[in-house]
Amino acid sequence: MKIQSLGKIGEGQDGAIYGGILFRFDHLGNGAAYRLLDVREGAETKPLATFVLDRSDALAPHSNAVFFGTEYYEEGDEFPLLYSNIYNNFCDKEDPLIGVCLVYRLQREGEGFKTALVQMIGIGFFENANLWRAYPDRDGVRPYGNFVIDRKTNAYYAYVMRTEESGTRYFKFRIPSVREGDFDAKYGVRRVTLSEADILDAFDAPYHFYIQGGIAYEGKIYSTEGFVDEINRPAIRIIDLQARAQVRYIDLWEMGYRDEPEMIDFSDGVCYYSDAHGTLYSVTCEK
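Read on for an overview of the structure. In this text the structure is predicted, and so the values were computed from the model without any measurement.

Things to note about the pairing of strand β22 (residues 279-284)
Item 1. With 5 of 6 residues buried, β22 lies mostly within the body of the structure.
Item 2. Sheet topology places strand β21 (residues 270-275) next to β22; 4 bridges connect them, and they run antiparallel. Looking at β22, one finds that Y273 is bridged to Y281.

Some words on the sheet that holds strand β7 (residues 82-85)
Two modes of strand pairing occur in sheets, parallel and antiparallel, and in both the strands are linked by backbone hydrogen bonds.
Item 1. Pairing is mixed in the open sheet, where 6 strands are placed in the order β6-β7-β8-β9-β14-β13. Where the open sheet ends on each side, the last strands, each with one partner, are β6 (66-68) and β13 (182-184). Ignoring which end each strand starts from, the neighbouring axes of this sheet average 35 degrees apart.
Item 2. Of the pairings in the sheet, the one linking strand β9 (residues 112-123) to strand β14 (residues 189-194) comprises 5 bridges and is parallel in character. Within β14, the position partnered with I123 by the bridge is L194.

Focus on the nonpolar core
Item 1. Counting 53 residues, the largest nonpolar core has F67, Y83, I123, W132, Y156, F173 and I221 as its most contacted members.
Item 2. A per-element tally of this core places strand β11 (residues 155-163) first, with 7 residues.
Item 3. The contacts of I221, once residues within four sequence positions are left out, are V148, Y157, Y159, Y170, I215, A216, R237, I238, I239 and L241.
Item 4. Grouped together as the second largest cluster of nonpolar side chains are 25 residues, F25, L53, V100 and Y187 included.

The rules behind these values
Residues numbered from 1 in each chain as written. Predicted model: local features only at pLDDT ≥ 70, side-chain atom pairs only at ≥ 80, totals over all residues. Heavy atoms only, no water. Buried < 20%, exposed > 50% of the residue type's maximum accessible area, 1.4 Å probe, protein only. Helix = DSSP H or I, 4+ residues; strand = E, 2+ residues; numbered from the N terminus. Pairing = 2+ DSSP bridges. Axes fitted to C-alpha atoms, helices over the stretch in contact; angles between N-to-C directions. Core = buried A, V, L, I, M, F, W, Y, C linked by side-chain atoms within 4.5 Å. Contact = heavy atoms within 4.5 Å.

Following this line, the structure appears as structure tokens:
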């Protein structure tokens, strides 16, 4: 295992890389774009542009998990659809929007970028204690769910912390097309609700102590977790989706990396990881 510090980008939650551009988001829907090759060791990189995700005034995603999909909104678009989850941003509202991921069209606008909210994808069985919910009579500490797309199998995955005894549960679905869903008048966008009948597979992995960012790459999910203490240790877990099992646990705390972990993604075969304060690292795992 080799971790190399590359420099500083903006603080925040998860992010995603496409076409050599790293997009980093905070918990209020603010985004910043960086040219990946501009990030130099020990230096603070200025963004190419900053922008706000569409409708963040009313429907801001926490961006606990951010990723690009496989579908383009229109033929000729530069970027595929961008996904970012609500997570716990509405936990104190009448409708906490548990298990909801937002889908955006991302485009360049002059020297900057703009987005349009084009779809919502939600879990329809989040109250089912046999599937999603941690307990029959209440939710667990984090019932909100992370989401990723596995490009290798063209599948949509949701995963959620349940209890330390039950572990973290992973669900596999077909990726909803951006044209699917019923129109939601409240939010003015198509909304897909995934039911129990839509589950293609489900399995449990070891308990993730507070999931943070995540990405699927080459048939595996790379999930960051933890805070800044020894119990909820900063770490990266690798989940093999074909084997339906955890294949590696990388203890960042033990290695001396003790800031809250957040972003993780791959570009040209290289894994990039960033903590909450914006330090960007490359991560190399030995076979």
